[in-house]
Amino acid sequence: MDITSEETRKLCTCFVLPTFNEEENIGQCIESIFSHQEPCQNPINVLVVDDNSSDNTQKIVMDLKDRFPELHLITGEKKGLGDAYKRGFAHSLDHLNPEVIFQMDSDGQHDPALVPKFLDLIDQGNDLVIGSRFVEGGSTPDFSFRRKLISKIGNLLVRYAGGVRQIQDCTSGYRAIRATYLRDCDLGFLSTRGYSFQSSLLCELVWKGAKAVELPIEFTSRKGGDSKLSIRDQVEFILNIPKLGFRNAEDFIKYSVVGLSGVFVNLGIYIALTRIFGLSEVIAPLISIESSLLSNFLLNNFWTFKKREVTSSLYKRLLQFHVASGGAACLNYLTFLLAFAVLGIHDILANLIGIAVAAILNYIINSNWTWRKEHGSN
Ligand SMILES: Nc1nc2c(ncn2[C@@H]2O[C@H](COP(=O)(O)OP(=O)(O)OP(=O)(O)O)[C@@H](O)[C@H]2O)c(=O)[nH]1
Ligand SMILES: [Mg+2]
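Residues numbered from 1 in each chain as written. Chains lettered and ligands numbered in written order. Predicted model: local features only at pLDDT ≥ 70, side-chain atom pairs only at ≥ 80, totals over all residues. Heavy atoms only, no water.

## A few points about the overall build of the protein chain
Right, so step 1: Within the protein chain one finds 12 helices and seven strands.
Right, so step 2: Based on the C-alpha atoms only, the size of the protein chain along its principal axes is roughly 85 × 45 × 35 Å.
Right, so step 3: A burial count over the protein chain gives 47% of its 378 residues as buried.
Right, so step 4: Taking the intrachain contacts of the protein chain between residues at least 6 apart in sequence as the baseline, contacts between residues at least 24 apart amount to 78%.
Right, so step 5: Of the roughly 18800 Å² that the protein chain leaves accessible, carbon and sulfur atoms contribute 61%.
Right, so step 6: Charged side chains of the protein chain number 38 positive and 42 negative; the gap between the two group centres comes to 5 Å. (Helix = DSSP H or I, 4+ residues; strand = E, 2+ residues; numbered from the N terminus. Buried < 20%, exposed > 50% of the residue type's maximum accessible area, 1.4 Å probe, protein only. Contact = heavy atoms within 4.5 Å. Areas by Shrake-Rupley, 256 points an atom, 1.4 Å probe, with all protein chains shown as cover. Lys, Arg positive; Asp, Glu negative; His and termini not counted. Charge placed at Lys NZ, Arg CZ, Asp CG, Glu CD.)

Shown next, in the form of structure tokens:
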């Protein structure tokens, strides 16, 4: 394959097309993409990632190269759709100098006529444009009831486990991605197979702070050939959900570490005030509690939730943090009373239960109110 060196290459819009036995569709798909080249936009490159198809897919691509010099082909062993995309992204970023990378199926299910709309949305400042079947205006006219149900349930799991509730279609294979975000992605973490790769990549991009928007698409039946996604893809999808949930819990883990540090700040200042400065045991806790609240607030603001784009002022957040902490302290006390006085649980254990329940409530309030994520922010 003949590739101009990266330095001399102009910025391009690169389409990564995974193929496995798509001889009935790939030719038309490539021609249709190139026919939507607009003079004012970056030149289009198409990179086909074929996993040693046993049919004529590769021959058809090679024959089209004479007409389309910016058509490229890489080949490899079949390890799954995700693996093919990882190789395709890496190749595109290393050799083709893309500004925007498109993901698109090669079977005619994704309409290239929508490409200018995707690019307009990127020009408007979005980093990820998702061709969405499940927003208003989008549709899956040929899906059976079973396929629709599986798709909807899968999306629901990803949205909640992955903390991307704002996205309606997390498994769509038609997307435009600003290349700088892909460079930044931990592709190694991403799963290798079909649907789960798509959902992992989406979460990874949104966690990285990519501003995402959905563009309605109609997802019709493939033009020819058979579906390549298997039961194995569906099993990997399910196994991948807890992985997403754990990665998404990063904020909660940091928040808990900060909470623990607050215990030491509280205790340390209390001991210093009473033992060194001789302050009374009634006044000292007021100062030590407030000090730990302040240190927790600052650490959460500048570490735990640092990446979130929050528009409210620092003072407002500080006030909200105090309100949430007050509410959590009341719940701590009520839970303790319930566990100790009503259920007869040992006092230390009852206290620990109270602290755990309060910590979770505290996190939920602060995460969803004080440091509420703006739409599309990380
Ligand atoms: N390179 C490569 N491509 C794959 C692999 N699995 C699927 N693909 C391609 O990925 C795209 C999506 O797969 P499809 O079989 O169309 O999945 P789908 O659209 O959910 O299923 P249908 O609606 O039945 O088409 C197609 O272009 C496939 O050829 C793979 O293991 N390697
Ligand atoms: Mg398909």
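Resuming the write-up.
## A look at the coordination of the magnesium ion (ligand 2)
Right, so step 1: Donor atoms from the polypeptide that bind the magnesium ion (ligand 2) are Asp107 (OD) and Gln109 (OE1), placed at 1.9 to 2.0 Å.
Right, so step 2: Look at aspartate 107 and you get buried, because its relative accessible area is 3%.
Right, so step 3: Judged by its relative accessible area of 8%, glutamine 109 falls in the buried class. (Donors = N, O, S within 2.8 Å, 3.2 Å for Na, K, Ca; no water.)

## Focus: the site of ligand 1
Right, so step 1: The environment of ligand 1 is formed by 20 residues, the closest being Glu22, Asp51, Lys78, Asp107 and Lys228.
Right, so step 2: Within the backbone of phenylalanine 20, one N or O atom sits 3.2 Å away from an oxygen atom of ligand 1.
Right, so step 3: At a separation of 2.8 Å, an oxygen atom of ligand 1 approaches a polar side-chain atom of glutamine 109.
Right, so step 4: Taken by itself ligand 1 offers 630 Å² of open surface, and the protein chains cover 95% of this.
Right, so step 5: Broken down by secondary-structure element, the contributors of at least two residues to the shell around ligand 1 are strand S1 (12-19) and helix H3 (81-95).
Right, so step 6: A breakdown of the residues in the shell around ligand 1 according to their chemical character gives seven nonpolar, five polar and eight charged. (Near = heavy atom within 4 Å. Polar contact = N/O pair within 3.5 Å; in protein donor to acceptor, adjacent residues only side chain to side chain. Nonpolar A, V, L, I, M, F, W, Y, C, P; charged D, E, K, R; others polar.)

## So, the environment of alanine 328
Right, so step 1: Residue position: alanine 328 is located in helix H11 (residues 314-342).
Right, so step 2: Non-local contacts of alanine 328, meaning those with residues more than four positions away in its chain, are made with Ala358, Leu361 and Asn362.

## As for the pairing of S1
Right, so step 1: Of all the eight residues making up S1, eight are buried; the element is thus mostly covered by neighbouring parts of the structure.
Right, so step 2: As paired strands, S1 and strand S4 (residues 98-103) are joined by five bridges and run parallel to one another. If you follow valine 16 over to S4, its bridge partner there is glutamine 103.
Right, so step 3: Bridge count for S1 against strand S2 (residues 44-50) is seven bridges, and the pairing is parallel. Note that in S2 the partner of phenylalanine 15 across the bridge is valine 46.
Right, so step 4: Of the crossover connections in this fold, the one passing from S1 over helix H1 (residues 26-35) to the parallel S2 is right-handed. (Pairing = 2+ DSSP bridges. Right-handed = clockwise from strand over helix to strand, strands pointing away.)

## Notes on the sheet that holds strand S5 (residues 128-132)
Right, so step 1: Overall, mixed pairing links the seven strands, which are arranged S3-S2-S1-S4-S6-S5-S7 in an open sheet. A strand with exactly one partner marks an edge of an open sheet, and here the two such strands are strand S3 (71-75) and strand S7 (212-216). Pairwise comparison of adjacent strand axes, ignoring direction, gives a mean angle of 20 degrees for this sheet.
Right, so step 2: Contacts between helix H4 (residues 115-123) and the sheet are confined to S1, S4, S5, strand S6 (175-178) and S7, with S5 contributing the most and set at about 145 degrees to the helix.
Right, so step 3: Packing against the sheet, helix H7 (residues 194-207) makes contact with S4, S5, S6 and S7, and its axis sits at approximately 35 degrees to S6. (Axes fitted to C-alpha atoms, helices over the stretch in contact; angles between N-to-C directions.)

## Structural notes on the domain arrangement of the protein chain
Right, so step 1: Taken domain by domain, the protein chain consists of domain 1 (6-248) and domain 2 (250-370).
Right, so step 2: Here the C-alpha centre of domain 2 lies 44 Å away from the C-alpha centre of domain 1.
Right, so step 3: Between domain 1 and domain 2, the contact holds five residues from the first and five residues from the second.
Right, so step 4: When the buried surface of domain 1 facing domain 2 is broken down by residue, Phe246, Arg247 and Asn248 rank first, second and third, together holding 63% of it.
Right, so step 5: Here domain 1 is connected to domain 2 by zero salt bridges.
Right, so step 6: There are zero residue pairs in polar contact (both at pLDDT 80 or more) connecting domain 1 and domain 2.
Right, so step 7: Here the side of domain 1 that touches domain 2 takes three residues from helix H8 (residues 231-248), the largest share from any one element.
Right, so step 8: Classifying every residue of the side of domain 1 that touches domain 2 by side-chain character gives two nonpolar, one polar and two charged. (Domains from an automatic or database assignment. Buried area = accessible area lost by both parts, 1.4 Å probe. Salt bridge = Lys/Arg side-chain N within 4 Å of Asp/Glu carboxyl O.)

## Some remarks on H4
Right, so step 1: When H4 is considered as a whole, its buried residues turn out to be Val115, Pro116, Phe118, Leu119, Leu121 and Ile122.
Right, so step 2: On its buried face, H4 is in contact with S1, S4, S5, S6 and S7.
Right, so step 3: Positive phi shows up at glycine 125, right after H4, with a value of about 105 degrees.

## Re the pattern of salt bridges
Think of it this way: side chains of opposite charge can pair up when their charged atoms draw near.
Right, so step 1: For the coordinates displayed, the defined rule picks out 12 salt bridges.
Right, so step 2: Between glutamate 250 and lysine 254 there is a salt bridge; the shortest N-O distance is 3.9 Å. Here lysine 254 and glutamate 250 lie together in helix H9 (residues 250-276), a separation of four residues that amounts to about one turn.
Right, so step 3: Counted as one network, the salt bridges with shared partners bring together Glu22, Asp107, Arg222 and Lys228.

## Details of the side chain of threonine 13
Right, so step 1: Following the sequence through the fold, threonine 13 ends up in strand S1.
Right, so step 2: Residue classification places threonine 13 among the buried residues on the basis of a relative accessible area of 4%.
Right, so step 3: In contact with threonine 13, not counting residues within four places along its chain, are Asn42, Pro43, Ile44, Asn45, Val100, Phe102 and Leu119.

## Considering the environment of alanine 84
Right, so step 1: Its location among the elements puts alanine 84 in helix H3.
Right, so step 2: Apart from the residues lying within four places of it in its own chain, the contact partners of alanine 84 are Pro18, Val49 and Asp51.

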